[in-house]
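Descriptive structure summary
Read off the chains here:
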Amino acid sequence: MDTNTQSDHLLAPDGSQPAPMPRTQPRSESEASTPDPARTPDPAPTSVLGGAVVGVIVGSAILRLALAAFVTHFVLVDDAYIHLRYARNLWTTGDFVYNAGEPVFGLTSPLFGLLCTVLYGLFGSHVAIAVTTLNVALWTGVSVLAARTLPASVRLPLIALICLAPVFVDNQLLGMESALFALVLMGSLGCALSGRTSNAAAWYGVALITRPEAVLLAPVLLWAASRREGLQAAVRKLVQPRTLMLLVGPGILWCVRAMNTYGTIVPQSMVAKTGWNNDHYDGLFGLKGALLAVPRLTLIPFVDYFPGAVAWSLTAGVIASVGYVIRANVSRGNATSRAWLGFYLIYVAFYVAGKGATEASWYAVPSSLAFLMAAMPALPAWTRKPAVGWAFVVGLAGVSFVAAQKRAPLLQSYVDGYGASALYLENMRNDEKVVIGEIGIFGFHSSHPVVDVGALVSPEVLPWKNDGFSFCRIVQESGARWFVISDVAVESNAYPSVGQVWSDDTERAWFEACTHVAQHADKRTYAIPAEHRD
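Definitions and cut-offs
Residues numbered from 1 in each chain as written. Predicted model: local features only at pLDDT ≥ 70, side-chain atom pairs only at ≥ 80, totals over all residues. Heavy atoms only, no water. Helix = DSSP H or I, 4+ residues; strand = E, 2+ residues; numbered from the N terminus. Buried < 20%, exposed > 50% of the residue type's maximum accessible area, 1.4 Å probe, protein only. Contact = heavy atoms within 4.5 Å. Areas by Shrake-Rupley, 256 points an atom, 1.4 Å probe, with all protein chains shown as cover. Polar contact = N/O pair within 3.5 Å; in protein donor to acceptor, adjacent residues only side chain to side chain. Phe/Tyr/Trp six-rings, centres within 6.5 Å; stacked < 30°, edge-to-face > 60°. Lys NZ or Arg CZ within 6 Å of the ring centre and 35° of its normal. Salt bridge = Lys/Arg side-chain N within 4 Å of Asp/Glu carboxyl O. Core = buried A, V, L, I, M, F, W, Y, C linked by side-chain atoms within 4.5 Å. Patch = residues over 30% accessible without salt bridge, like charges linked within 9 Å, V, L, I, M, F, W, Y side chains within 5 Å. Disulfide = S-S within 2.5 Å. pLDDT = per-residue confidence, 0-100.

Across its full length, the chain carries 24 helices and 5 strands. Among the 534 residues that make up the chain, the fraction classed as buried is 52%. Taking all contacts inside the chain whose residues are at least 6 apart in sequence as the whole, residues at least 24 apart take part in 70%. On the chain, roughly 23300 Å² of surface is accessible, and the fraction owed to carbon and sulfur atoms is 63%.

As a further point, take unusual backbone geometry. The phi dihedral of histidine 73 falls on the positive side, at around 55 degrees, and the residue is not glycine. Within the fold, histidine 73 resides in the loop between helix 3 (51-70) and helix 4 (80-93). Taking relative accessible area as the criterion, histidine 73 reaches 48% and is therefore assigned partly exposed. Not every positive phi belongs to a glycine, and asparagine 493 is a case in point at roughly 50 degrees.

Within the element layout of this structure, serine 400 appears in helix 19 (residues 386-425). Separated by 2.6 Å, the side chain of serine 400 and the backbone oxygen of leucine 164 make a polar contact.

For the coordinates displayed, the defined rule picks out 24 aromatic pairs. Measuring from centroid to centroid gives 6.2 Å for tyrosine 86 and tyrosine 98, while their planes differ by 50 degrees, and the two rings are tilted. In this pair, tyrosine 86 sits in helix 4 while tyrosine 98 sits in the loop between helix 4 and helix 5 (110-123), placing the two residues 12 residues apart along the sequence. In terms of burial, tyrosine 86 and tyrosine 98 fall into one category: buried. With 5.4 Å between their ring centres and 70 degrees between their planes, tyrosine 351 and tyrosine 363 make a pair best called edge-to-face. Residue tyrosine 351 is found in helix 17 (residues 335-354), and its partner tyrosine 363 is found in the loop between helix 17 and helix 18 (364-374); the two are separated by 12 residues along the sequence. The class of tyrosine 351 is buried, set by a relative accessible area of 3%. Here the aromatic cluster, defined as three or more aromatic residues joined through ring pairs, consists of Trp340, Phe343, Tyr347, Phe350, Tyr351, Trp362 and Tyr363. Geometry around tyrosine 418 places lysine 523 over its ring, the cationic atom sitting 4.7 Å from the centre.

The next thing to look at is the pattern of salt bridges. This model, assessed by the stated rule, comprises 10 salt bridges. Arginine 407 is paired through a salt bridge with aspartate 170; the nearest N and O atoms lie 2.7 Å apart. Taken together, the residues arginine 407 in helix 19 and aspartate 170 in helix 8 (residues 166-174) connect sequence positions 237 residues apart. The class for arginine 407 is buried, based on a relative accessible area of 15%.

Core analysis: the biggest nonpolar cluster contains 151 residues, and Ile159, Phe471, Phe483, Ile485 and Phe511 have the highest contact counts within it. The leading source of residues in this core is helix 9 (residues 178-193), at 12 residues. The contact partners of isoleucine 485, leaving out residues within four places of it in the chain, are Phe471, Val490, Tyr495, Val501, Phe511, Asp522, Lys523, Arg524 and Tyr526. Core analysis: the second largest hydrophobic core is formed by 8 residues, Phe74, Val169, Leu173 and Ala404 among them.

With that out of the way, let us pick up a nonpolar patch on the surface. A contiguous nonpolar patch, built from Leu222, Leu231, Val235 and Val239 and spanning about 310 Å² of accessible area, is present on the exposed surface. For valine 235, a relative accessible area of 35% translates into the label partly exposed.

With that settled, the discussion passes to the state of the cysteines. If you walk through the whole model with that rule in mind, you get 0 disulfides. The thiol sulfur of cysteine 472 is not disulfide-bonded, and the nearest other cysteine sulfur, from cysteine 514, lies at 7.2 Å. Residue cysteine 514 is classed as buried on the basis of its relative accessible area of 6%.

With that out of the way, let us pick up the confidence of the model for the chain. In low-pLDDT regions, the fine details of the predicted coordinates are not to be read closely. Averaged over the chain, the pLDDT score is 87; the fraction of residues at 70 or greater is 87%. Of the regions scoring below 50 in pLDDT, residues 1-41 engages in 33 contacts with residues more than four places distant in sequence or in other chains. Note that residues 276-284 has pLDDT below 50 and, in this model, 29 contacts with residues that lie over four places away or in other chains.

Have a look at this one:
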């Protein structure tokens, strides 16, 4: 029997005929033909993604590899080569260190460093090609997991953004661990939302040794795991021996290794970059910094590179979009979109509060992915049309191509400058220290011990920086034989993260007494005379 008809014949307690139940107005024909995905239950994973979505995922992977091969020529960002020097040393000497004999935990991703070690063992000097290919494969996995989660009506436009938005394409070409981190986040949250607690624990255990920020997902995972059976039942599942071992086992093993090798579980690179112990890094101070942090962490990591009016217009647009996505999730979101929104808000709040180094685009990958997954109930109806989805694909592919072209000369300049300087110094004694501020590609091509002005792998430098030492003073304190510096730093007497090259006439005279022995592109190599070394 029809439930509405049945209810119309029910009697009120006093025996009278109750008022008819109000009936909702029928939706218009256009509304009925366009289902709202956010008002439906969480979409069940499906292996049937549709030819269009599969085409976008496969085609974008081919595009990313083509950009790496023909535009950036498999040159990675400087920070990525730090992983590769750790990997080279582990493979060749058995020590997971940057400088031989200096046990410093300078990696933010132990797991990615270990994967790079395997790739270095397999491919040797061609490891950068292998790392880029691995990242493209990992992001393809992210795209597939996302597509299996998204409702069909919004799948094409969101997958187009996930596959082709410049922030994601760029970071696969740069060679950082962003794709690996995104994959393990996607796996752990997806399993928790579908009630597969043990699988979620296994994914999350891996996430914890991929990047430290994985801890920010913990409250969201607990909420996702408890929404079906309640908090107590979820906790009981998590503390079962097998599940608990999957959850904490990888982290415990790494912490034991880190304590035995480095004496700490906190990455030195994280201490140096976050600015917590460094007054010279540009942090997110004040209202302006907090506002800019939102687009920096939401699809537009280089927003402040635009002209002022454009940057602030983009900032206003992103902040308004975040507000709209929050509102849409409150009114009609499902558990999946709300879980990703929760992670996005926690992640952004962490970086705003910690005034972290958000100018590096790889920090924006997890939060940008979370924002897009949270946006599924907020997409307007017009974006669900296939023509719009394909317009997204074509437009984003073009923008990513232009972005890669813009990035390529900067990447190549590091090869021509720091890379060539490293090869020049390899002809010298390789037990003499070199002071340098960009340690990635230089370190990968060099066997010299490196003193890092950025303090990512040189903890002794951090207190010098906090005491306001200039570049020259740091070189003097280090006892190095060589230093490498850019033309623009010398000409402007300005050095990133420490302020000045020299702070007074005495230090300038010391600098000018050093011997300019080589010039590679815009990078100068200096030898420090014995009488000027401590």
